[in-house]
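Structure assessment
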Amino acid sequence: MKKKIWILLIIVVIIAIVLGIVFIQKNKKDIQINIQDLANRIVGSASFEDQLAQADSEMVMNDYTFTSDEINDLVSYQGSGATSEELVILQVKDKSKINSVKEKINTRLSERREAFGSYLPKEVGKIDNNILRVEGNYIILCIANDTNTVNKIINEYIK
């Protein structure tokens, strides 16, 4: 009798685990971001000290050493050079490439940290306090004066 209870208990636990996994997978939504729309919302906020202008995608690809095999689409806004502020939102072609793309972003951040450290040291704090978020196949990098507001905008957008 005890053996039957244990077997029944094990079956119930297995069923509960399977149902939990199915429920979690079903509730994971495939995130779709209109990167230009999100960029416009972020740039339009009062989060930046500098006036940002849209940057040429090819230039950004070169600056970050991204390849066309990694990136499906990107939008970038950069400051005048008087600040370190910038925004890059990109769609990675394949989730397996996210880590290599993030490494390239971190390399670029190190380069910018070094460059600004020599002539505008106060900007290094903004670089160190950057936003680097992965949302599905999207990566958002933002160097801003007010990262709290930018995070709120992103959170509201991806709800």
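As shown above, the structure is provided for reference.
The following refers to the structure shown. All of these numbers come straight from a predicted model, not from anything done at the bench. (Residues numbered from 1 in each chain as written. Predicted model: local features only at pLDDT ≥ 70, side-chain atom pairs only at ≥ 80, totals over all residues. Heavy atoms only, no water.)

For the rest of this paragraph, the subject is the pattern of salt bridges. Per the stated rule, a full pass over the model turns up 11 salt bridges. Here Glu123 and Lys126 are joined by a salt bridge, their closest N and O atoms 3.4 Å apart. Of this pair, Glu123 and Lys126 both sit in helix α5 (residues 122–128), 3 residues apart, roughly one helical turn. What makes Lys126 buried here is its relative accessible area of 8%. Beyond isolated ion pairs, a larger network of salt bridges with shared partners links Glu49, Glu85, Lys122, Glu123 and Lys126. (Salt bridge = Lys/Arg side-chain N within 4 Å of Asp/Glu carboxyl O. Helix = DSSP H or I, 4+ residues; strand = E, 2+ residues; numbered from the N terminus. Buried < 20%, exposed > 50% of the residue type's maximum accessible area, 1.4 Å probe, protein only.)

What follows concerns the nonpolar core. Core analysis: the largest hydrophobic core is formed by 22 residues, its most contacted members being Ile33, Leu38, Ile42, Leu87, Ile89, Cys142 and Val150. Sequence-distant contacts of Leu87, defined by excluding residues within four places in its chain, comprise Ala39, Ile42, Val43, Val75, Ser76, Tyr77, Ile140, Leu141 and Cys142. Ranked by size, the runner-up nonpolar core spans 20 residues in total, among them Val92, Phe116, Ile127 and Ile143. (Core = buried A, V, L, I, M, F, W, Y, C linked by side-chain atoms within 4.5 Å. Contact = heavy atoms within 4.5 Å.)

With that settled, consider unusual backbone geometry. Positive phi values are uncommon outside glycine, yet Thr65 reaches one of about 60°. As for its placement among the helices and strands, Thr65 is situated in the loop between α3 (57–64) and β2 (71–78). On the basis of relative accessibility, which here comes to 49%, the residue Thr65 falls in the partly exposed class.

Counting buried positions along strand β5 (residues 138–143) gives 6 out of 6 residues, so the element sits mostly inside the fold. Of the two faces of β5, the one carrying Tyr138, Ile140 and Cys142 and the one carrying Ile139, Leu141 and Ile143 are both buried. Strand direction decides the pairing type here: strand β3 (residues 86–92) and β5, joined by 6 bridges, are antiparallel. By the bridge assignment for β5, Gln91 is matched with Tyr138. As paired strands, strand β4 (residues 131–135) and β5 are joined by 5 bridges and run antiparallel to one another. (Pairing = 2+ DSSP bridges.)

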